[in-house]
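Residues per chain are reported as follows:
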Amino acid sequence: MPVNCDHKHVTPTSTHKKRPSKRKNAMPLSLVIHIGRHTNQSKAKQIKDSFHIAKPDLRRKKKLGKGQITSIDSSSMRKLCPNFDKVNGLETVLEVPIPEDMWTGIGSSGSNRWQNLRAFMRARFSSDEPSHLSTSSIHEFIALLKLVGSPLIPLQVQSDHTLTRPLKDSSIEALRANYIVKQYIAAIGGISSLDSLKSMYAMGQVKMSGSEMRQGDDRIQPIGKAEVGGFVLWQKNPDLWHFELVVSGFKVSAGSDGKVAWTQSSYQPCHANKGPPRPLRRFFQGLDPRCTANLFLHAICVGEKTIGNEDCFMLKLETAQDILQGQNTSHTEIIRHIMWGYFSQRTGLLVKFEDTKLVKVKSAEGDDPVFWETSTESVIEDYKCIDGIKIAHGGKTVAIFYRYSTAQNHKRRIEETWRIEEVDFNIGGLSMDCFLPPSDVKRE
């Protein structure tokens, strides 16, 4: 039976401050830095109030309502950086909040950490920078961040309302899947609650670890220290979203303006993805129940499996070849992309999301092609009721990359543990300008 959403026994304590009003305007990071250093506070406030920006700042709020606390404790995330040049200067609002572990690991003192953080964001790294996730170069590390942190699913999914599927002439497997999805919708909060959502904001932190690229079929485990970071996600109907991820000072961005989905990093120019705009895979890790329901509405039930201590129904969804062909490039061909959802028989909730993608990379010199297979599994946990809708607040993703060729086979393992710190719905002030792609976006 579905998990009970009634949290009326939770009483907000006196430690919770009055909820601040949502600002209609905010400032870019560069201007905040400038004002904080060269202007007194009263003058700075006048400049801030007159400066127009697109995204509201929700990162300091703890929303209370309907008898429950709607965000978990975010004390471990740093959202402000002190002004070390001027005692009474304004603090800098970080565009992407970062974990305290990351802040304390990039310098020995406050001012030193701030200098290092600014250098990170400007991509001024020395050639002797230590490796991350057991990679041999910064470019390889950035590529792994994109593959694990901000991949897209292969299908375009309806995001502005909950769909229904005609049952006429459906197979028994499709009928079972339809029933399981209906149970999921009921368990997650119901159609009326889901269709009331117009936009979403989420902020969280991640911890990543990885292995080297190893030859053979032996079992591999991550080695070395874990990399920590934070992310911010904005979403608005239909097909608009923007995602920023910072791990160990390296930043990756991705987004969709409703016409094209794109990715960008501090080391690589912005690149548009082939095909129509598609949702971020992270949405299906318990963050966007409506997209999850609409995706698996077209799946089939292929059996049952135990995930942890939960007996689950297995739903399978294969991507049609004509859709995959629309995402091919001049040097890559997607052979297949299959997704699975594991729904608890006890609660009806999604407890695991899995997908496998096989890509053939063509050689420019006429050599034999190389096949890359990515297998990604996300275990989804800690559902909490936010405005009547259950949102997963934690989990773990394991991605294994296989490289096949006629000469040799290799594989690598990357693990990501993630936790959601803040979630809110129906954000005021999110305009189209918030989701515009960078001006240097390259389209193939």
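Residues numbered from 1 in each chain as written. Predicted model: local features only at pLDDT ≥ 70, side-chain atom pairs only at ≥ 80, totals over all residues. Heavy atoms only, no water.

Asks: Tell me about the overall build of the chain, residues and numbers included.
Replies: Per the secondary structure count, the chain includes nine helices and 18 strands. Burial analysis of the chain (444 residues in total) assigns 50% to the buried set. Across the chain, the fraction of contacts at a sequence separation of at least 24, relative to all contacts at a separation of at least 6, is 66%. Only carbon and sulfur atoms are counted for the fraction: they give 50% of the accessible area of the chain, which is about 21,000 Å². (Helix = DSSP H or I, 4+ residues; strand = E, 2+ residues; numbered from the N terminus. Buried < 20%, exposed > 50% of the residue type's maximum accessible area, 1.4 Å probe, protein only. Contact = heavy atoms within 4.5 Å. Areas by Shrake-Rupley, 256 points an atom, 1.4 Å probe, with all protein chains shown as cover.)

Asks: Tell me about the pattern of salt bridges, residues and numbers included.
Replies: On inspection of all chains with the given rule, the structure shows 14 salt bridges. A salt bridge links K316 to E318; the nearest nitrogen and oxygen atoms lie 3.3 Å apart. By relative accessible area, which is 22% here, K316 ends up partly exposed. As a salt-bridge pair, E377 and K352 come within 3.3 Å of each other at their nearest N and O atoms. With a gap of 25 residues between them, E377 in strand β16 (residues 370–386) and K352 in strand β15 (residues 350–361) connect regions that are remote in the sequence. For E377, a relative accessible area of 30% translates into the label partly exposed. Residue K352 is classed as buried on the basis of its relative accessible area, which comes to 7%. (Salt bridge = Lys/Arg side-chain N within 4 Å of Asp/Glu carboxyl O.)

Asks: Any chance you could break down unusual backbone geometry for me, citing the residues and the numbers?
Replies: That bond from N237 to P238 is cis: its omega, -15 degrees, falls within 30 degrees of zero. Phi is positive for D382, close to 55 degrees, though the residue is something other than glycine. Mapped onto the secondary structure, D382 falls in strand β16. The phi dihedral of N426 is positive, around 50 degrees, even though this residue is not glycine. Its place among the elements puts N426 in the segment after β18 (409–425).

Asks: Please provide a residue-by-residue account of the nonpolar core, values included.
Replies: Ranked by size, the top nonpolar core spans 64 residues in total, and within it L145, L233, F284, L295, F296, L315 and F353 carry the most contacts. The biggest single contributor to this core is helix α6 (residues 172–188), with seven residues. Discounting residues that sit within four places of it in the chain, L145 has contacts with S150, M208, L245, V247, F250 and V252. Formed by 15 residues, the second largest nonpolar core is a distinct cluster that contains L94, V96, I98 and I427. (Core = buried A, V, L, I, M, F, W, Y, C linked by side-chain atoms within 4.5 Å.)

Asks: So what about the pairing of strand β10 (residues 261–265)? Which residues, and what values?
Replies: For β10, the buried fraction is high: four of the five residues fall into the buried class. Relative to β10, strand β9 (residues 250–257) is paired through five bridges, and the arrangement is antiparallel. The residue bridging A254 from the neighbouring strand is T263, located in β10. Hairpin connection from β9 to β10: three residues lie between these consecutive antiparallel strands, with G258 at a positive phi of about 90 degrees. Pairing between β10 and strand β11 (residues 268–272): three bridges, direction antiparallel. From the neighbouring strand, W262 faces β11, where its bridge partner is A272. Between β10 and β11, which pair antiparallel and follow one another directly, the connecting turn spans two residues. (Pairing = 2+ DSSP bridges.)

Asks: Tell me what's going on with the confidence of the model for the chain, and back it up with residues and numbers.
Replies: In this model, the chain carries a mean pLDDT of 78, and residues with pLDDT of at least 70 account for 75%. Counting interchain partners and residues more than four positions distant, the pLDDT-below-50 stretch residues 6–75 has 133 contacts. Residue range residues 123–128 is modelled with pLDDT below 50. Its contacts to residues more than four positions away, or to other chains, number eight contacts. (pLDDT = per-residue confidence, 0-100.)

Asks: Quick rundown of the environment of T347? Include the residues and the values.
Replies: Relative to the elements of secondary structure, T347 occurs in the loop between β14 (332–344) and β15. By relative accessible area, which is 6% here, T347 ends up buried. Sequence-wise, T347 and I188 are 159 residues apart; in three dimensions their C-alpha atoms are separated by 9.3 Å. There is a polar contact of 3.2 Å between the side chain of T347 and the backbone nitrogen of L349. (Polar contact = N/O pair within 3.5 Å; in protein donor to acceptor, adjacent residues only side chain to side chain.)

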